[in-house]
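# Residue-level structure breakdown
Listed below, chain by chain, are the residues.
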Amino acid sequence: MKAILTLNGGSATLKVALFEAAAPHRRLGDGMIERFGVGPRLRLRAPGLADRAQDWAKGEGPTDAQAAFHALWPALKARHSELEIVSVGHRIVHGGADHAGPCLIDEAVLTGLKRLSPLAPLHQPANLAVLEAAQQDLPKAGHVACFDTAFHQGRAFETEAFALPRHFYEEGVRRYGFHGLSYASVLERLRHERPDLAMGKIVIAHLGSGCSLCALDQGRSVATTMGFSALDGIPMGTRPGAIDPGVLLYLMTDRGMDAKAIEDLLYRRSGLLGLSGLSADVRDLEASDQPQAKQALDYFCSRVAVGIAAMAGELGGLDGVIFTAGIGENSSHIRHDISQRLAWLGAGSRLALCVIPTDEEGQIAVQTAEVCGL
Ligand code: ADP
């Protein structure tokens, strides 16, 4: 049977999945390796096959996304030897201004994507490292780039631009927005389950390791909280979300922090982890009795609620809020807290609140099938 392989490699996780080429909504199996370098874990699942798991000790096993691909792909392939991989769909976080949709990857596309790495230093190099490994291993398959930024293309100038001198906008310094594959997958499910909401004014809250909000009107992204990089907007596991740029100037001039140190602070040491001093994981914070854990969660819920209210302002109204991703799907405490803060907007009465699981891999498969004409 002909199949599509999807690859989604991040800084700490690689997710792979197989879909039937002729029916790209049909998932044939999947797997992941998480926690690179700190006791990685491999998991494989497929209907009709026993789950397979492997745990490495701390300091052993894959330490990055490319090493994870080399550990995971042979194991997955061995379980699905009947499949012929005709296309590989890659999640690529940043497509820049050039890519308004998925595309086949050639040398020129790859060179352009490499140039965008500084804009998403946690994700883009990992995405591209997996891509190069997969191209070597599957040279005959068509490789397709599916972008997180593409979903947000075509928004109004005032939601895309920064109020900087105009030439910066022309040179690409603008709000791109991310998590587009997740938003597209949630929207597709909403169209089936709640077509009324899918065509209304809604906010999708993608609350996972990375977090962002997207305001949609009639199924189109009109505003989103992430901007030029994946740092802006609401707080996240280890990223602060919006921050007064004056703080960064102060850290550079008075505290002698250089760009590398600030990058580390903003991508890896802030957010829920920084505020709590305990963990980036909402499960740990919910289980903790430390006051800093509660404060970090309160901060998170407050900023998300304020962000949703701002999105309602962009939309000129709000019919519903849809929660998705690790925190959005699993933490009823967080959802409840945010909705209470939005009671004044009609949450709990007029405003619909729902949970829809994200399926980035499924979205990559559908886009890949389209590009390859499967
Ligand atoms: P990503 O795919 O970006 O790595 P996820 O969407 O899987 O992230 O979200 C990961 C986060 O989801 C975890 O860090 C954790 O905070 C949160 N999470 C997962 N399960 C639960 C749960 N049962 N309760 C609360 N939070 C959860």
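Computed from a predicted model, the values in this text were never measured in an experiment.

### Some remarks on the overall build of the protein chain
Helix and strand content of the protein chain: 15 helices and 13 strands. Here the C-alpha atoms of the protein chain give a radius of gyration of 20 Å, agreeing with the 21 Å that 2.2 N^0.38 yields for 374 residues. Overall, the C-alpha framework of the protein chain stretches about 55 × 50 × 50 Å when taken along its three principal axes. Looking at the protein chain as a whole, 52% of its 374 residues qualify as buried. Across the protein chain, the fraction of contacts at a sequence separation of at least 24, relative to all contacts at a separation of at least 6, is 66%.

### Focus on the packing of aromatic side chains
Enumeration according to the criterion identifies 3 aromatic pairs in this entry. An angle of 70° between the planes, with centres 5.0 Å apart, marks the rings of Phe157 and Tyr169 as edge-to-face. Here Tyr169 lies in helix H5 (residues 166-170) and Phe157 lies in helix H4 (residues 157-160), a separation of 12 residues in the sequence. Between the aromatic rings of Tyr176 and Phe228, the centroid separation amounts to 6.4 Å while the plane-to-plane angle is 35°, which identifies the pairing as tilted.

### Section: the environment of Ile4
By secondary structure assignment, the location of Ile4 is in strand S1 (residues 2-9). The class of Ile4 is buried, set by a relative accessible area of 0%. Along the chain, Ile4 and Pro102 lie 98 residues apart, while their C-alpha atoms are 15 Å from each other. Once residues lying within four places of it in the same chain are set aside, the contact partners of Ile4 are Ala17, Leu18, Phe19, Ala21, Pro24, Ser87, Gly89, Ala365, Thr368, Ala369 and Leu374.

### Some thoughts on the site of the ligand
Around the ligand sit Lys15, Gly208, Ser209, Asp281, Val282, Arg283, Ala325, Gly326, Ile327, Asn330 and Ser331, and those are all the residues in its vicinity. Interatomic distance of 2.8 Å between a backbone N/O atom of Val282 and an oxygen atom of the ligand. Arg283 is positioned with one of its side-chain polar atoms (N or O) 3.5 Å from a nitrogen atom of the ligand. Look at the ligand: alone it shows 580 Å² of surface, and the protein chains cover 72% of it.

### Section: the sheet that holds strand S5 (residues 49-55)
The mixed open sheet is built from 8 strands, whose spatial order is S5-S4-S3-S2-S1-S6-S8-S7. The outermost strands of the open sheet, each flanked by one partner alone, are S5 and strand S7 (103-104). Bridge count between strand S6 (residues 84-92) and strand S8 (residues 142-147): 6 bridges; the pairing is parallel. What sits directly across from Ser87, in S8, is Gly142. Set on the sheet, helix H1 (residues 65-79) makes contact with S1, strand S2 (13-20), strand S3 (23-34), strand S4 (41-46), S5 and S6; between it and S4 the angle comes to about 30°.

### Digging into the nonpolar core
For soluble globular proteins, the rule of thumb is that nonpolar side chains tend to be buried together. Counting residues in each nonpolar core, the largest one holds 38 residues, and the members touching the most others are Leu207, Phe300, Ile308, Leu318, Ile334 and Ile338. Broken down by secondary-structure element, the contributors of at least two residues to this core are strand S9 (201-207), strand S10 (211-217), helix H11 (282-287), helix H12 (291-315), strand S12 (320-324) and helix H14 (332-341). The element that contributes the greatest number of residues to this core is H12, accounting for 11 residues. Judged by nonpolar contacts, the second largest core, of 28 residues, contains Leu42, Ala68, Trp73 and Leu76.

### Points about the packing of helix H2 (residues 107-115) against helix H3 (residues 124-137)
Two numbers describe how H2 lies on H3: the axes approach to 10 Å, and their chain directions differ by 155°. Between H2 and H3, the interaxial angle falls into the category roughly antiparallel. Taken as a pair, H2 and H3 cross one another with a handedness that is left-handed. For the pair H2 and H3, the contacting residues are Leu110, Leu113 and Lys114 in the first and Gln124, Leu128, Leu131, Glu132 and Gln135 in the second. Of the residues contributing to the contact of H2 with H3, the split by class is 4 nonpolar, 2 polar and 2 charged.

Scoring rules and cut-offs
Residues numbered from 1 in each chain as written. Predicted model: local features only at pLDDT ≥ 70, side-chain atom pairs only at ≥ 80, totals over all residues. Heavy atoms only, no water. Helix = DSSP H or I, 4+ residues; strand = E, 2+ residues; numbered from the N terminus. Rg over C-alpha atoms; globule rule 2.2 N^0.38 Å. Buried < 20%, exposed > 50% of the residue type's maximum accessible area, 1.4 Å probe, protein only. Contact = heavy atoms within 4.5 Å. Phe/Tyr/Trp six-rings, centres within 6.5 Å; stacked < 30°, edge-to-face > 60°. Near = heavy atom within 4 Å. Polar contact = N/O pair within 3.5 Å; in protein donor to acceptor, adjacent residues only side chain to side chain. Areas by Shrake-Rupley, 256 points an atom, 1.4 Å probe, with all protein chains shown as cover. Pairing = 2+ DSSP bridges. Axes fitted to C-alpha atoms, helices over the stretch in contact; angles between N-to-C directions. Core = buried A, V, L, I, M, F, W, Y, C linked by side-chain atoms within 4.5 Å. Parallel < 35°, antiparallel > 145°, perpendicular 65-115°, else oblique. Left-handed = near helix turned anticlockwise from the far one by under 90°. Nonpolar A, V, L, I, M, F, W, Y, C, P; charged D, E, K, R; others polar.

Nothing here speaks to function; it is geometry throughout.
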